[in-house]
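Spelled out from the first residue to the last, the chains are:
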Amino acid sequence: MASPGVIQRLDENVVNKIAAGEIIVRPSNALKELIENSLDAKATSIQVVVKSGGMKLLQIQDNGTGIRKEDLDIVCERFTTSKLQKIEDLSTMATYGFRGEALNSISHVAHLSITTKTADSKCAFNVKYVDGKPVGPPKPSAGNQGTQIIVEDLFYNLAIRRKALKSTSEEHAKILEVVCRYSIHNATVGFTLKKYGETTNDVHTLPNSTTIDNIRTVYGASVAKELLNLECQDEMLKFKLKGYISNVNYSIPKSRFLLFINHRLVDCSSLRKGIESVYSTYLPKGSHPFLYLSLEIDSHNVDVNVHPTKHEVRFLHEDTIVEKIQQAVDARLLGSNTSRSFLTQTLLPSARISSDQTGVVPSTSHTSNKVYDHQMVRTDCRDQKLDAFIHKSSEKVANEEITVASDQTNDIDDTPIQRSIQLTSVLNLRQEIQNKGHSGLKELFQEHTFVGCVNREFSLIQHQTKLYLANNHRLSEELFYQIMIENFGNFGILKLSEGNILSLPLLLDNYIPPLERLPMYILRLTTEVDWETEDECFETFCREMARFYAFPRDGVETCTNSNTVPSWKWTVEHVLYPGIRSTLTPPKFFAEDSTVLQIADLPDLYKVFERC
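The structure displayed is predicted, hence computed values, not measured ones. (Residues numbered from 1 in each chain as written. Predicted model: local features only at pLDDT ≥ 70, side-chain atom pairs only at ≥ 80, totals over all residues. Heavy atoms only, no water.)

What to know about helix α6 (residues 211-219)
Here is step 1: Every buried residue belonging to α6 is among Thr211, Ile212, Asn214, Ile215 and Tyr219, and all of these are buried. Seen end-on, α6 carries its buried residues on one side only, within an arc spanning 160 degrees.
Here is step 2: Looking at the buried positions of α6, the neighbouring elements they touch are α5 (168-185), α7 (221-224), β10 (227-234), β11 (239-246), β12 (256-261) and β14 (290-297).
Here is step 3: Gly220 sits one or two positions beyond α6 and adopts a positive phi of about 105 degrees. (Buried < 20%, exposed > 50% of the residue type's maximum accessible area, 1.4 Å probe, protein only. Helix = DSSP H or I, 4+ residues; strand = E, 2+ residues; numbered from the N terminus. Arc of directions from axis to C-beta. Contact = heavy atoms within 4.5 Å.)

What follows is the structure, given as structure tokens:
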């Protein structure tokens, strides 16, 4: 007969790694904990930089209250927190974190570094942590008020956990979803997410935005214009709900359910299934809604300590509350189904866009579902481009060799971390770009289909049933100006193979400016830039940089980061316009200066053909 095994006390290091595996499941889970810490610190700006899906690098910078120097010794120890003192506090918990486990768990499965500064501190302090303990005393460091946390080589000491994760692209998608959801619920906080070494942002929302604005920015105008506000409350059950739900005109293949209970991002399967059952009577089979709900329940009725990741909560009267919310959703959808409304952009005059306002045009609910030819919009990128109908003349390709090298390498220790720029002048210029933006044009460029190049100066793009003529030079100049402002201090480097000028900033991947302009650029830097006043200096310098980088109207060839230099048409379609789609906030004057011209409208053309 086998003898019983000997019960032994686990080594403390093993215990900590087991606990860490329960708290930190994947990079997106670690980021969720860090974002919640930033929100608890009253941050109004949260900037996230990731590399390899967060496996190599996960960096978060906020402008919150910071961490006191005296607390840095124990901040990563398990069960150290400023938010909970006794067990009774759990019943009235209003903060995201309360157990003091997140930073400790991260420090056991990754290389962790914290740089922080409080309002009354003369400088920032940096500390590295291993297994919850600081590696040396806090070191004085440069830094703005708030906290920067850098997590490198996640799960470096847990090979099985690391191998079990999805691909880096899938992990990045999960990180993207976390940032998107928190940006929707915390519209007063500005969120930024970008991949390490890239100039464009995957997410960029402004402080003091509205929920609808952020839904439009993050998930697109197509869903934002189909949302209904929803409110529901019950004094007896002590709950209040508000949010936005999609109407019966909108559906997606997979449900998107953003649920916050007492401002905590959670999942509730009973509520999800209950609302889905209501929509099943309105939407076609296999179709699902978009839902953003913020549910506030009396804190005494909620248990937030159900799961280590705090992803699930339990609350009293769950079935009754779900039923009340189902009734509210059903009533809202039923009220909206009596007629259908469509948002339409003000028609463009023949030569310019005159307004960014939209109007609501009602129509009856008995409108035919048939889609006629003149209402169809080309959306397949494999469709023929303009070049298929135009004789292709031979293109002269520039032979000048330029060695292009990025200052980022695969070794994270050898590279500088992305810097957060807090210069008031730069922040003012960023805000000015947003204030002067044209919402109608922004939607046009974000959702456009590239048709083809007319010549170097103009390209044809399609949006919905309309065809537009876009000025490549003007659009690119504004694009590079905004890239200079938005990513100031965080550019890659173009290294030149010869000459006294050794390098230039890399503003857009695979794009190198026409170097024939270099002498004029240097001259204009000395004559056109206001070097005396800070605000004007930044603006005029960035304007001159944008003028130099702008796509040329003439026959000067641009180069690209490739062994075989593509034609200028390839650069316009595959480099310039993707950058415009993802980054550009078109200024309002573009609607008046012929930068974008509507030249055709499919329904109007059909009317002409009918008269013929």
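Some points on the confidence of the model for the protein
Here is step 1: For the protein, per-residue confidence averages 80 on the pLDDT scale, and 74% of positions sit at 70 or higher.
Here is step 2: No element of the protein has a lower mean pLDDT than strand β18 (residues 358-364), at 38, and none a higher one than strand β1 (residues 45-51), at 97.
Here is step 3: In this model residues 339-352 is a low-confidence stretch, pLDDT under 50, and it forms 39 contacts with partners more than four residues away in sequence or in other chains.
Here is step 4: This stretch, residues 391-416, has a pLDDT under 50; its non-local contacts, to residues over four places away or in other chains, come to 46 contacts. (pLDDT = per-residue confidence, 0-100.)

Let's talk about the sheet that holds β11
The pairing of strands in a sheet happens through backbone hydrogen bonds and is either parallel or antiparallel.
Here is step 1: The mixed open sheet is built from 5 strands, whose spatial order is β10-β11-β14-β12-β13. Only two strands of the sheet have a single neighbouring strand rather than two, namely β10 and β13 (264-265).
Here is step 2: Of the pairings in the sheet, the one linking β12 to β14 comprises 6 bridges and is parallel in character. Bridged to Leu259 within β14 is Leu293.
Here is step 3: Packing against the sheet, helix α9 (residues 318-336) makes contact with β10, β11 and β14, and its axis sits at approximately 145 degrees to β10. (Pairing = 2+ DSSP bridges. Axes fitted to C-alpha atoms, helices over the stretch in contact; angles between N-to-C directions.)

Focus on the side chain of Asn472
Here is step 1: Its place among the elements puts Asn472 in helix α12 (residues 472-486).
Here is step 2: Discounting residues that sit within four places of it in the chain, Asn472 has contacts with Asn455, Arg456, Glu457, Phe458, Ser459, Phe551, Val572, Leu576 and Tyr577.

Examining the pairing of strand β21 (residues 466-471)
Here is step 1: Most of β21 is tucked away, with 5 of its 6 residues classed as buried.
Here is step 2: Two strands pair when backbone bridges link them, and strand β20 (residues 458-463) and β21 are joined in this way by 6 bridges, in the antiparallel orientation. If you follow Gln462 over to β21, its bridge partner there is Leu467.
Here is step 3: Hairpin connection between β20 and β21: a loop of 2 residues separates the two successive antiparallel strands, and Gln464 in this loop has a positive phi of roughly 55 degrees.

What about the pattern of salt bridges?
Here is step 1: All chains considered together, the criterion is met by 14 salt bridges.
Here is step 2: Note that Arg26 and Glu171 form a salt bridge whose closest N and O atoms lie 2.9 Å from each other. Pair noted here: Arg26 is in the loop between α1 (12-23) and α2 (27-40) and Glu171 is in helix α5, with a separation of 145 residues, a long-range link.
Here is step 3: For Glu171, a relative accessible area of 0% translates into the label buried. (Salt bridge = Lys/Arg side-chain N within 4 Å of Asp/Glu carboxyl O.)

Comments concerning the packing of aromatic side chains
Here is step 1: Inspection of every chain in the model, using the stated rule, returns 11 aromatic pairs.
Here is step 2: Seen in terms of ring centroids, Tyr219 and Phe290 are 5.5 Å apart; in terms of plane orientation they differ by 65 degrees. Their pairing is edge-to-face. Pair noted here: Tyr219 is in helix α6 and Phe290 is in strand β14, with a separation of 71 residues, a long-range link. Just as Tyr219 is buried, Phe290 falls in that class too.
Here is step 3: When the ring of Phe480 is compared with that of Tyr549, the centres are 5.6 Å apart and the planes differ by 55 degrees; the resulting orientation is tilted. A residue pair is termed long-range when its members are at least 10 positions apart, and Phe480 in helix α12 and Tyr549 in helix α14 (residues 534-549) qualify at 69 residues. Neither Phe480 nor Tyr549 differs from the other in exposure class; each is buried.
Here is step 4: A network of ring pairs unites the aromatic residues Phe480, Tyr511, Tyr521, Phe548 and Tyr549 as a single cluster. (Phe/Tyr/Trp six-rings, centres within 6.5 Å; stacked < 30°, edge-to-face > 60°.)

Topic: helix α10 (residues 424-435)
Here is step 1: The terminal C-alpha atoms of α10 lie 16 Å apart, and with 12 residues this matches the ideal 16 Å at 1.5 Å per residue to within 8%.
Here is step 2: Buried within α10 are the following residues: Ser425, Val426, Leu429, Arg430, Ile433 and Gln434. (Expected span 1.5 Å × (residues − 1).)

Here we look at unusual backbone geometry
Trans peptide bonds make up most of the peptide bonds, and negative phi angles are found at most residues other than glycine.
Here is step 1: With phi around 55 degrees, Asp131 is a residue other than glycine that occupies positive phi space.
Here is step 2: Structurally, Asp131 is set in the loop between β4 (124-130) and β5 (133-134).

A few points about the sheet that holds strand β19 (residues 449-453)
Here is step 1: Strand order in this open sheet of 4 strands is β19-β20-β21-β24, and the pairing throughout is antiparallel. Each having just a single partner strand, β19 and β24 (596-601) make up the two edges of the open sheet. The average angle at which neighbouring strand axes cross in this sheet is 25 degrees, direction not considered.
Here is step 2: Sheet strands in contact with α12 are β20 and β21, and its direction is about 70 degrees off that of β21.
Here is step 3: This element, helix α15 (residues 568-583), spans β19, β20 and β21 of the sheet and lies at about 160 degrees to β19.

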